Amino acid sequence: MWLSIPAESDFSIYNLPFGIFKPAGQATARAGIAIGDHIVDLAKAAETGMFGKRRFFKKILEQPTLNDFIALGKPITSRIRRKVQEWLELPTKPEGADQLLCDRRTATMLLPVRVPNYTDFYSSIEHATNVGKMFRPDNPLLPNWRWLPVGYHGRASSIVVSGTPVKRPSGQILPPGGAPDTPLFSATRQLDFELEVALVIGKENPLGQPIPMEKTEEYIFGLVLFNDWSARDIQRWEYVPLGPFLGKNFASSISPWIVPLEALKPFRVKGPKQTPAPLDYLQGKGPQNIDIALEVSIKPANSKSETVVSRSNTKYLYWSMAQQLAHHTVNGCNVQVGDLLASGTISGPTPDGAGSLLELSWGGKNPLALKDNITRTFLEDGDTVTIRGKAANGVAHVGFGEVTGKIV
Ligand code: CA
């Protein structure tokens, strides 16, 4: 390989994720592939004829979202990724290489896809049990939970790319100790993050035609890190009986690089044993989960250092991505290219693996110690929350970069 890549870079030769970027000082967005500290400019690579059909690919790769590119289908998107991989693996630097490379550290990253629809699941048994315990100590998991991946339709319009500030939302809350019929209008006092991973849909199914378990991978283009910001006090008052609404729909943040599903193949693992055995349409073959180490850190405005407050892993998810998608479409619901299906908060089996402050501070009862003698129950203005994720097996490593957001 002629390009040097920092040894621990998330963006190794095994990864090659897709994103939309603007090079420093330039106004036009285009598609790129991250490699080490660089981005391969795919629109410029198309111009050189690297992918064949110059004009066709240049036009698609010059667009400000990846939707049309992804819609070409995996045989084509994978071929383009392999072409870039071969080009990077050439023994000597090819002529004109510098024109195709851009400095990743100074580039501006944009939302990689236009998101037509966003669905949020509740697939971590540890998270569902923790939250259930706070509200129903004797019966934390509701009877449907082990039978189906519980989910709801979220809001796509407020999905933002990493780095976008998050404005503290206001809404109706019940003050502590208040009678149930006297809410007040206030800025949320219980602003939280949710550690999640979302899959990006890469292929559409016609309305009325379910996607069976064994076909789900054809429909999943790749994965991003996902922070489903939540206002717990607004959520608590509003959610009965129809579920989350204003406590959730003010913002969700995603990481800018979509890691293709094929890059995650070496990190496939078996998920937890499912008891009772799921119904037939949710039965899959082979390892359905992925081993991606995740962490969340908080950096307060008045502190120089960030503190890791949670370490978890996608492998703990009870319901796999395949099961989420098979269940989502079993009634004939159609998914669209660019749709996001988020996992739900991914909590691990140990207390420091909880994927939200609601769990980590147990509803605000146990403040968390951060560096510089700072404590937190929920997020304060000026706090920056960063989620990172990485899959590694000793040979290959594939990182997601980060999704970060500051509360303002
Ligand atoms: Ca969520």
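Preceding this paragraph is the structure being described.
Rules used in this analysis
- Residues numbered from 1 in each chain as written.
- Predicted model: local features only at pLDDT ≥ 70, side-chain atom pairs only at ≥ 80, totals over all residues.
- Heavy atoms only, no water.
- Helix = DSSP H or I, 4+ residues; strand = E, 2+ residues; numbered from the N terminus.
- Expected span 1.5 Å × (residues − 1).
- Buried < 20%, exposed > 50% of the residue type's maximum accessible area, 1.4 Å probe, protein only.
- Salt bridge = Lys/Arg side-chain N within 4 Å of Asp/Glu carboxyl O.
- Core = buried A, V, L, I, M, F, W, Y, C linked by side-chain atoms within 4.5 Å.
- Contact = heavy atoms within 4.5 Å.
- Pairing = 2+ DSSP bridges.
- Axes fitted to C-alpha atoms, helices over the stretch in contact; angles between N-to-C directions.

Can you lay out helix H4 (residues 74–88) for me, pointing to particular residues and giving the numbers?
Compared with the 21 Å implied by 1.5 Å per residue over 15 residues, the 21 Å span of H4 between its first and last C-alpha is a close match. Listed in full, the buried residues belonging to H4 are Thr77, Ser78, Ile80, Arg81, Val84, Gln85, Trp87 and Leu88.

Describe in detail the pattern of salt bridges, supporting the description with residues and values.
This model, assessed by the stated rule, comprises 21 salt bridges. Put simply, Arg268 and Glu217 hold a salt bridge, and the shortest N to O gap is 2.9 Å. Here Arg268, found in strand E17 (residues 268–269), pairs with Glu217, found in helix H7 (residues 216–219); they are 51 residues apart in sequence, far enough to count as distant. Taking the relative accessible area as the measure of exposure, Glu217 reaches 38% and is therefore partly exposed. With its nearest N and O atoms 2.9 Å apart, the salt bridge here joins Arg388 to Glu306. A residue pair is termed long-range when its members are at least 10 positions apart, and Arg388 in strand E24 (residues 384–392) and Glu306 in the loop between strand E19 (293–299) and strand E20 (307–313) qualify at 82 residues.

An account of unusual backbone geometry is requested, with residue identities and associated values reported.
Val240 connects to Pro241 through a cis peptide bond whose omega is 0°. Take Pro241: it is sitting in the loop between helix H8 (232–238) and strand E15 (252–254). In the segment running from Thr275 into Pro276, the intervening peptide bond is cis, with an omega of 0°. Structurally, the position occupied by Pro276 is in the loop between E17 and strand E18 (289–290).

Go over the nonpolar core, please, and point to the residues and values.
Counting residues in hydrophobic clusters, the biggest one holds 50 residues, and the most contacted among them are Phe193, Leu223 and Leu264. Ranked by residue count, the leading element in this core is strand E12 (residues 195–201), at four residues. Leu264 has contacts with Leu223, Val259, Ile290, Ile292, Ala391, Val398 and Phe400, leaving out every residue within four places of it along the chain. With 46 residues, the next largest nonpolar core counts Leu3, Ala45, Leu61 and Ala342 among its residues.

For the sheet that holds strand E2 (residues 30–35), give the residues involved together with the corresponding values.
Across the sheet, five strands lie side by side as E4-E3-E2-E1-E5; this open sheet has antiparallel pairing. Edge positions in the sheet fall to strand E4 (101–103) and strand E5 (108–110), since each has one partner strand and no second. Each adjacent strand pair in this sheet contributes to an overall mean axis angle of 50°, direction not counted. Bridge count between strand E1 (residues 18–22) and E2: four bridges; the pairing is antiparallel. Counted as the bridge partner of Ile20 is Ala31 from E2.

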